[in-house]
Amino acid sequence: MKFSVVVPIYNEKDNIEELHRRIHDSMKSFAKEDDYEVIYTDNGSTDGSFELLKTLKNLRLFKIRKTGQTYAWDNGFKHAKGEVIFTLDSDLQNPPEEFKKLYDTMVEKNLDCVSGWRKNRKDTAAIRIFSKIGSFMREKLISPGVHDHGCSLKIYKRE
């Protein structure tokens, strides 16, 4: 398996079908269907998201108790079979159509990880403020050189 796409889900019933279609359309633009997998980890949804996901095809689905987005990603990573792993939120703020661009950048520059950048965020003012404070502190403490630490649109080499 060449690629895995790992997506945590929490109460995103209204976005799931479009998200799933767009992920597959994006992956098919540069990978064969049997070269990738899509993994959803439902993180305790109460809106019927898990039930809707069960009706869709070409995915691997896991359900965990509500423990947070990071744990949901960790669950997806543990089950991922791909040499390269994409991450993405389920709220459609980050376009899966950017996967190829991330992958091309990773290959061209021989990077282990490439992070997206949310230019037109749709978060509340409070979330943006806390995000800016966290990013400032992270940059000062460990200086990773990442513009948008909180962007979930990323690609990682398995190792």
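Residues numbered from 1 in each chain as written. Predicted model: local features only at pLDDT ≥ 70, side-chain atom pairs only at ≥ 80, totals over all residues. Heavy atoms only, no water.

1. Topic: helix 4 (residues 99-109)
Line of reasoning, step 1. All of the buried residues along helix 4 are F99, L102, Y103 and M106. On an axial view of helix 4, the arc spanned by its buried residues comes to 95 degrees, and they lie on one face. Summarising the geometry of helix 4, the exposed residues directed more than 90 degrees from the buried face are K101, E108 and K109.
Line of reasoning, step 2. Of the surrounding elements, those touching the buried residues of helix 4 are strand 1 (3-9), helix 1 (13-28), strand 4 (84-87), strand 5 (113-115) and strand 6 (154-157). (Buried < 20%, exposed > 50% of the residue type's maximum accessible area, 1.4 Å probe, protein only. Helix = DSSP H or I, 4+ residues; strand = E, 2+ residues; numbered from the N terminus. Arc of directions from axis to C-beta. Contact = heavy atoms within 4.5 Å.)

2. Re the sheet that holds strand 5
Line of reasoning, step 1. Spatially, 3-2-1-4-6-5 is the arrangement adopted by the 6 strands of the open sheet, whose pairing is mixed. Looking at which strands have only one partner, the edges of the open sheet turn out to be strand 3 (60-64) and strand 5. Each neighbouring strand pair of the sheet contributes to a mean axis angle of 20 degrees, computed without reference to strand direction.
Line of reasoning, step 2. Summarising the sheet, strand 2 (residues 36-43) and strand 3 pair through 5 bridges and their orientation is parallel. Looking at strand 3, one finds that D42 is bridged to K63.
Line of reasoning, step 3. Seen against the sheet, helix 3 (residues 69-79) touches strand 1, strand 2, strand 3, strand 4 and strand 6 and runs at an angle of roughly 145 degrees to strand 2. (Pairing = 2+ DSSP bridges. Axes fitted to C-alpha atoms, helices over the stretch in contact; angles between N-to-C directions.)

What is shown is where atoms sit, not what they do.
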